[in-house]
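Structural overview for review
Residue strings, one per chain:
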Amino acid sequence: LVISDKVEANTKEGNVNSIKTEMKDKGVFLITLNRPKVLNSLNKEIIDELLAAFDQAYQDAEIRTVVLTGEGRGFCSGADLAGGGWPSDPNWSPGESTANAMEIGFNPLVRKIVNCPKPVVNAINGIAAGGGVGLALCGDLILASDTAKFKLVFGPQLGIISDVGASWLVPNLLGRAKANGMALLGEDISAAQAESWGLVYKVIPEKELLTEACRLAGQMADGAITGLKAIVKAHDNALQVPLSEQLDYERDTQRVLCDGNVFKEGVTAFLEKRKPNFRDIEDV
């Protein structure tokens, strides 16, 4: 609660210790990881502040989309192995301490971002390594600067599996063969390679990345937020079920959405040959 209050109090001036936040035009909420000296590595403080910032995105109706990026030359280098700051017990093994940090910090963060009711655009401004890969990929729309790189170091460097969602996100995006190659070899995957593989949606010149990310977030902010998030959920569901079950999912989802005011506005606007105005009728 103290951390949540701290983020809320400092959001207007965009100055929080480990993250920076800023309200942009059209209801775009910019969150910037702000530990550039350690390539925005993830410790308890930064995760707590990210959780609080996303709580704000959940609750604030003025926020319609979120952009997540990093300060400096890296997006995120993964877990802070030197000073994570996680609560521990002298009787815990390293594995138990790690599992506890995942249970109370890393995993809630991934779930918080994935389940955000507003579209999340991740603008990958530099290296995403280790858990930073999972963080980079858990948004709804993934953009990368032409200087970005992706590197799974868990296996080659530490002898453990990928986490922060990367063990699910990477194979679902790339397929088994490329996911295994990326994780077993730990090679740098360039932005261009990531785009050609389907790991990111688009590569943007470094100096234009944030502007383009906010532009696309603003474009979605003018749209039907509930519908856009329903699309993402439908795609995630499709990765887990056969076609027959997905057809049932489509039917059940459309039954709800087509009874809503957003759909009615969309149809009316189409018939009247005008742009739909979702902002005034959609409570997000």
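Our structure is the block above this text.
By convention here, each chain's residues receive numbers from 1 onward along its written sequence. Reporting of local features is limited, given that this is a predicted model, to residues whose pLDDT is at least 70; pairs of side-chain atoms are given and counted only at 80 or more, and all residues count toward the totals for whole chains, interfaces and linings. Hydrogens and water are ignored here; the side-chain numbers use all heavy atoms of the structure.

**Structural notes on the side chain of N122**
Numbered from the N terminus, helices here are DSSP runs of H or I no shorter than four residues, and strands are runs of E no shorter than two. Within the secondary structure layout, N122 lies in strand β5 (residues 120–124). For the exposure calls, accessible area comes from a 1.4 Å probe over protein chains only, and a residue counts as buried if that area is under 20% of its type's maximum, exposed if over 50%, partly exposed in between. For N122, a relative accessible area of 0% translates into the label buried. Pairing of N or O atoms within 3.5 Å defines a polar contact, subject to two protein rules: one partner must be a possible hydrogen donor and the other a possible acceptor, and residues neighboring in sequence count only if both atoms are side-chain atoms. In this structure the side chain of N122 is engaged in a polar contact, spanning 2.9 Å, whose partner is the backbone oxygen of A136. We call two residues in contact whenever any of their non-hydrogen atoms come within 4.5 Å of each other. In this structure N122 touches L68, L135, A136, L137, C138, G139, L141, I142 and L143, once residues within four positions along its chain are discounted.

**What about the environment of A128?**
Here A128 lies in strand β6 (residues 127–129). A residue is classified by how much of its surface remains accessible, and A128, at 0% relative accessible area, is buried. Along the chain, A128 and K149 lie 21 residues apart, while their C-alpha atoms are 6.0 Å from each other. Non-local contacts of A128, meaning those with residues more than four positions away in its chain, are made with F75, C76, V133, A136, K149, F150 and K151.

**Some remarks on a nonpolar patch on the surface**
Here the term patch refers to residues with relative accessible area over 30% and no salt bridge, with like charges joined within 9 Å and nonpolar side chains (Val, Leu, Ile, Met, Phe, Trp, Tyr) within 5 Å. Working definition of accessibility: Shrake-Rupley area with a 1.4 Å probe, residue cover restricted to the visible protein chains. Every case where a carboxyl oxygen of Asp or Glu lies within 4 Å of a side-chain nitrogen of Lys or Arg is listed as a salt bridge. A cluster of nonpolar side chains, F263, V267, F270 and L271, forms an exposed patch at the surface whose accessible area comes to about 440 Å². Turning to its location among the elements, F263 is positioned in helix α12 (residues 261–271). Among the residues examined, F263 registers a relative accessible area of 40% and is labelled partly exposed.

**Considering helix α6 (residues 166–174)**
Buried residues of α6: A166, L169, V170 and L174, and no others. Looking straight down α6, one finds its buried side chains confined to an arc of 100°; they lie on one side. Along its buried surface, α6 packs onto α4 (131–137), α7 (176–185) and α8 (191–197). After α6 finishes, the residue G175 shows a positive phi value of roughly 90°. What the arc measures is the spread of directions leading from the helix axis to the C-beta atoms.

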